[in-house]
Amino acid sequence: MNDDFTLDKLDKSIRRLIQRGSEFNNTNEFISNTEKIPTNLHKIIKSPEYNHSKEKFSNWFLQIIKENKIPYDINGLYFGLFETTFKKLFKSKQTIAIYLIGSFSWDQNDSDWACNEDFVPENKYLYLEIMEEIYNNENINIYTKCFLSLAVVFLYLKEFFENPNNLNSLMNNSFYISTGFDDGDLYNLFKVEPQKNV
C-alpha cells in the first residue's frame, strides 16, 4: 500500500485523526492504538525527535502563557504552519515552522478569524527538529509531509491540555484551538475550558 497522500487524502485523514483523537481522554492511549493511527505517523511518533520536540513545544507554549498573559477576551488561538528556510550551523535548512497568534473573534464556518492578530506573543515562532525531519524526508511527498506536521501539532496540543498544571496556568481563559498551513485549510481542534475548582 502506498503511504503517500494526495491533497484530498490529506484533508480527509487529518479530519479523521482529529475526530478519532477526540474520542480519547488520554493522548498516549490514543497513539498506542495502532488501528487509529496511520502507519507513517506511527513511525514519526517512535522517532527520537518526537519526544524531544514535544518537550520543546510545551516549554515554548508555557513560556508564552506565563510571560504574555493571553487576554481574557481572546476566543481563538491559531497555531499556523508554513514552509521556511533558516540558518543552522552555517547552513541553510528547509523546515516547517510554527507560529502562534490569538483573535478576539472565532467562527467555526469562516477561517478568516485567524487573520486577526489581536494577540501576538513576542516569541511567536517555533522551530522543531521533528518538523525538520519530516520536511527533509525524501521518501514522502509534500502532502504526506503536511499531514504529518499537522498531526504532530494536534497531538502535542492535545497532550498539553490534558495536563492539569498547564490548564491551571491559563487562569480563567476559555478559547478554541486551531491549526493549519497558511496556504491551506484551517482545522478546528477543540475548545479549552478553565478547570472548575471542586
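The preceding data block contains the structure.
Since the structure is predicted, the reported quantities are computational estimates derived from the model, not experimental observations.

Kindly report on the packing of helix α4 (residues 48-68) against helix α6 (residues 142-160), identifying the contributing residues and their values.
In the contact formed by α4 and α6, the axes pass within 10 Å of each other and the chain directions differ by 60 degrees. Comparing the axis directions of α4 and α6 gives the class oblique. Of the two elements, α4 crosses α6, and the hand of that crossing is right-handed. Contact residues: α4 offers E49, Y50, S53, K54, F57, S58, F61, L62 and I65, while α6 offers V152, L155, Y156, L157, E159 and F160. Here the contact of α4 with α6 is composed, by residue class, of 10 nonpolar, 2 polar and 3 charged.

So what about the packing of aromatic side chains? Which residues, and what values?
Aromatic rings in a pair are described by how distant their centres are and how their planes are angled relative to each other. Within this structure, the stated rule accounts for 17 aromatic pairs. Ring geometry for Y78 versus Y99: centroids 6.0 Å apart, planes at 75 degrees, classification edge-to-face. On the criterion of sequence distance, the pair formed by Y78 in strand β1 (residues 76-88) and Y99 in strand β2 (residues 91-103) is long-range, its members being 21 residues apart. Arranged with centres 5.1 Å apart and planes meeting at 80 degrees, the rings of F160 and F161 form a pair that is edge-to-face. With respect to class, F160 is no different from F161; both count as buried. Three or more aromatic residues joined by ring pairs make a cluster, and in this case those are Y50, F57, W60, F61, F79, Y156, F160, F161 and F190. Taking NZ or CZ as reference, K145 lies 5.3 Å from the ring centre of Y135, over its face.

Please give an account of helix α1 (residues 7-21) that cites residues and values.
Helical geometry: 3.6 residues make up each α-helical turn, so side chains three or four residues apart lie on a common side. Compared with an ideal rise of 1.5 Å per residue, which puts 15 residues at 21 Å, α1 spans 21 Å between its outermost C-alpha atoms and is within 8% of the ideal. Within the sequence span of α1, burial applies to L10, D11, S13, I14, L17, I18 and G21. Buried-residue contacts for α1 involve α2 (27-31), α3 (39-45), α6 and β5 (186-192).

Residues and numbers for the environment of K54, please.
Its place among the elements puts K54 in helix α4. With a relative accessible area of 15%, K54 lands in the buried category. Considered as a pair, K54 and L128 are 74 residues apart in the sequence and their alpha carbons are 8.6 Å apart. When residues no more than four places from it in sequence are discounted, the contact partners of K54 are Y156 and E159.

Provide a residue-level description of the pairing of β5, including the pertinent values.
Bridge count for strand β4 (residues 175-181) against β5 is 6 bridges, and the pairing is antiparallel. Opposite I177, over in β5, you have F190 as the bridge partner. The loop that links β4 with its antiparallel partner β5 comprises 4 residues.

Break down α4 for me, citing the residues and quoting the values.
With 21 residues, α4 extends 31 Å between its outermost C-alpha atoms, agreeing within 8% with the 30 Å of an ideal straight helix rising 1.5 Å per residue. The complete set of buried residues in α4 reads Y50, S53, K54, F57, S58, W60, F61, L62, I64 and I65. In the stretch just after α4, K69 is the one whose phi turns positive, near 50 degrees.

Describe in detail the pattern of salt bridges, supporting the description with residues and values.
Under the definition given, this model contains 6 salt bridges. Across the pair K54 and E159 runs a salt bridge, and its minimum N-O distance is 3.2 Å. Note that K54 is positioned in helix α4 and E159 in helix α6, a separation of 105 residues in sequence. Taking relative accessible area as the criterion, E159 reaches 22% and is therefore assigned partly exposed. Between E193 and K191 there is a salt bridge whose closest N-O contact spans 3.4 Å. Residue E193 is classed as partly exposed on the basis of its relative accessible area, which comes to 42%. On the accessibility criterion, K191 (39% relative accessible area) is partly exposed.

Outline the nonpolar core, supporting the account with residue identities and numerical values.
General note: in soluble globular proteins, nonpolar side chains tend to be found buried as a group. The biggest cluster of nonpolar side chains holds 56 residues, and the ones touching the most others in it are F61, L77, F79, I98, M131 and F161. Among the elements that line this core, the one with the most residues is α6, at 12 residues. Setting aside its immediate chain neighbours within four residues, F61 contacts L77, F79, L100, L157, F160 and F161. Within the second largest apolar cluster, 8 residues are counted, among which are F82, I101, A114 and L186.

Cut-offs and rules
- Residues numbered from 1 in each chain as written.
- Predicted model: local features only at pLDDT ≥ 70, side-chain atom pairs only at ≥ 80, totals over all residues.
- Heavy atoms only, no water.
- Axes fitted to C-alpha atoms, helices over the stretch in contact; angles between N-to-C directions.
- Helix = DSSP H or I, 4+ residues; strand = E, 2+ residues; numbered from the N terminus.
- Parallel < 35°, antiparallel > 145°, perpendicular 65-115°, else oblique.
- Left-handed = near helix turned anticlockwise from the far one by under 90°.
- Contact = heavy atoms within 4.5 Å.
- Nonpolar A, V, L, I, M, F, W, Y, C, P; charged D, E, K, R; others polar.
- Phe/Tyr/Trp six-rings, centres within 6.5 Å; stacked < 30°, edge-to-face > 60°.
- Buried < 20%, exposed > 50% of the residue type's maximum accessible area, 1.4 Å probe, protein only.
- Lys NZ or Arg CZ within 6 Å of the ring centre and 35° of its normal.
- Expected span 1.5 Å × (residues − 1).
- Pairing = 2+ DSSP bridges.
- Salt bridge = Lys/Arg side-chain N within 4 Å of Asp/Glu carboxyl O.
- Core = buried A, V, L, I, M, F, W, Y, C linked by side-chain atoms within 4.5 Å.

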